[in-house]
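Summary of the model geometry
This is what each chain is made of:
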Amino acid sequence: MSKLNAQERKDRDNARFSQRVDERRVKGEDVVAYALANKKAYKFLTKDEKYNLKQRQIVLDQEAKLTVEEKIKLRNEQELEKAKAAFTEQ
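This report concerns the structure included in the present document. All of these numbers come straight from a predicted model, not from anything done at the bench.

Here's the deal with the overall build of the chain
Tallying secondary structure elements over the chain gives three helices and zero strands in all. For 90 residues, the compact-globule estimate of 2.2 N^0.38 gives 12 Å, and the chain exceeds it by more than 25% at 23 Å. Dimensions of the chain, computed from C-alpha atoms along their principal axes, come out at roughly 75 × 35 × 20 Å. Residues counted as buried form 11% of the 90 residues belonging to the chain. A sequence separation of at least 24 residues applies to 22% of the contacts in the chain between residues at least 6 apart.

Some points on the environment of Y42
Note on placement: Y42 falls in the loop between α2 (31-37) and α3 (47-89). We classify Y42 as partly exposed; its relative accessible area is 29%. Sequence separation of Y42 and V59 is 17 residues, and the distance between their C-alpha atoms is 18 Å. For Y42, the contacting residues outside a window of four places in its chain are A35, K50, L53 and K54.

Describing the pattern of salt bridges
Think of it this way: side chains of opposite charge can pair up when their charged atoms draw near. Under the criterion given, the structure shown has five salt bridges. D13 is the partner of R12 in a salt bridge, and the nearest nitrogen-oxygen pair spans 3.4 Å.

Re the nonpolar core
In this structure, F17, V21, V31, V32, Y34, A35, A41, L45 and L53 together form the largest nonpolar core, which totals nine residues. Elements represented by at least two residues in this core include exactly α1 (6-27) and α2. Counting residues per element, this core draws most heavily on α2, at four residues. Sequence-distant contacts of Y34, defined by excluding residues within four places in its chain, comprise F17, R20, V21, R24 and A41.

Concerning α1
If you check α1, its first and last C-alpha atoms are 32 Å apart, about what 22 residues at 1.5 Å a residue would give, namely 32 Å. Taking the backbone nitrogen of Q7 as reference, a side-chain oxygen 3.1 Å away marks N5 as the first, capping residue of α1. Within two residues after α1, G28 carries a phi angle of roughly 85 degrees, on the positive side.

Quick word on the packing of aromatic side chains
By the definition in use, this model includes zero aromatic pairs. Above the face of the F17 ring, R20 is positioned so that its terminal group lies 5.4 Å from the ring centre. Positioned above the aromatic ring of Y42 is the side chain of K50, whose terminal nitrogen or guanidinium carbon lies 5.0 Å from the ring centre.

The rules behind each value
Residues numbered from 1 in each chain as written. Predicted model: local features only at pLDDT ≥ 70, side-chain atom pairs only at ≥ 80, totals over all residues. Heavy atoms only, no water. Helix = DSSP H or I, 4+ residues; strand = E, 2+ residues; numbered from the N terminus. Rg over C-alpha atoms; globule rule 2.2 N^0.38 Å. Buried < 20%, exposed > 50% of the residue type's maximum accessible area, 1.4 Å probe, protein only. Contact = heavy atoms within 4.5 Å. Salt bridge = Lys/Arg side-chain N within 4 Å of Asp/Glu carboxyl O. Core = buried A, V, L, I, M, F, W, Y, C linked by side-chain atoms within 4.5 Å. Expected span 1.5 Å × (residues − 1). Polar contact = N/O pair within 3.5 Å; in protein donor to acceptor, adjacent residues only side chain to side chain. Phe/Tyr/Trp six-rings, centres within 6.5 Å; stacked < 30°, edge-to-face > 60°. Lys NZ or Arg CZ within 6 Å of the ring centre and 35° of its normal.

Set out below in structure tokens:
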């Protein structure tokens, strides 16, 4: 088995990702979801699919931010309840 140089490996990987994206597109699967999971697949998306991907990333980032904010708010409320409970016990 011959060893491939860096450029040959890169070309081989690009061909594989391109093929996978095309296969998913033909099957009617969500290629944008695939690109979200595999960042290397991004460059094989169409212009519309890239736009859709960016919109989904924005939504996912907003959801993650809200989740973090909700966790912080919940933690603060729990700490406040503990402080109130400790104060009423005295």
